[in-house]
Amino acid sequence: MSLHDDAVLVLKGYEDQDELRQDYLGHLAAHPDGMWKACHAGHVTASALVVDPGRGQVLLTLHRKLRMWLQMGGHCEPGDASLAAAALREATEESGIPGLTLLPGGPVRLDRHPIPAPCHWHYDVQYAALAPADAEHTISDESLDLRWFAYDEVAAVADESVVRLLEATRARL
């Protein structure tokens, strides 16, 4: 199964945020290259909020280009077998934490946001990744910093999309 077909299957099975889900499916139907960064009309991305439920914390990255505290994530790559695999790969690469596992149940949320030209939109499929107890993180080249934040600290440092992702993740935990 191609990554495009996996994305369509995942999105068809995702029951929340129906209007946005339909936008994603419409984008993929109109753009056979809609999974890839080269699609200037927008492309699907995969991200994961790294959580340590035992300590009530999330790991956020200070994004090098955007200079914002965000969840781990990014572009799909040809070697990714699925959106879930892409999200887990991104979370592992950007956090440096081995042994992350995705929260069961598929994506936690969808978030579509504008990005600078030449592309116009990121259609982000958002997962949550559970960190092993006492996980040690390592800053990647894509980050200026990585830091654990208590759940109640996130709203003070991150934008509303991260806050909504945290709320949806906590509801599923």
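Scroll up for the structure.
Residues numbered from 1 in each chain as written. Predicted model: local features only at pLDDT ≥ 70, side-chain atom pairs only at ≥ 80, totals over all residues. Heavy atoms only, no water.

Chemist: How should I be thinking about the packing of aromatic side chains in this particular structure?
Modeler: The geometry of two aromatic rings is summed up by the distance between their centres and the angle between their planes. Scanning the entire structure with this criterion turns up two aromatic pairs. Relative to Tyr123, the ring of Tyr24 has its centre 5.1 Å away and its plane inclined at 85 degrees; by these criteria the two rings are edge-to-face. Of this pair, Tyr24 sits in helix H2 (residues 18-30) while Tyr123 sits in strand S7 (residues 121-130), and the two are 99 residues apart along the sequence. For Tyr123, a relative accessible area of 7% gives the class buried. Taking the centre distance of 5.0 Å and the plane angle of 75 degrees together, the rings of Trp69 and Phe149 count as edge-to-face. Here Trp69 is found in strand S3 (residues 69-70), whereas its partner Phe149 is found in strand S8 (residues 143-150), with 80 residues between them in sequence. On the basis of relative accessibility, which here comes to 6%, the residue Phe149 falls in the buried class. We note Arg55 situated over the ring of Trp148; from NZ or CZ to the ring centre the distance is 5.0 Å. Its end group placed over the ring of Trp121, Arg112 keeps NZ or CZ at 4.4 Å from the ring centre. (Phe/Tyr/Trp six-rings, centres within 6.5 Å; stacked < 30°, edge-to-face > 60°. Helix = DSSP H or I, 4+ residues; strand = E, 2+ residues; numbered from the N terminus. Buried < 20%, exposed > 50% of the residue type's maximum accessible area, 1.4 Å probe, protein only. Lys NZ or Arg CZ within 6 Å of the ring centre and 35° of its normal.)

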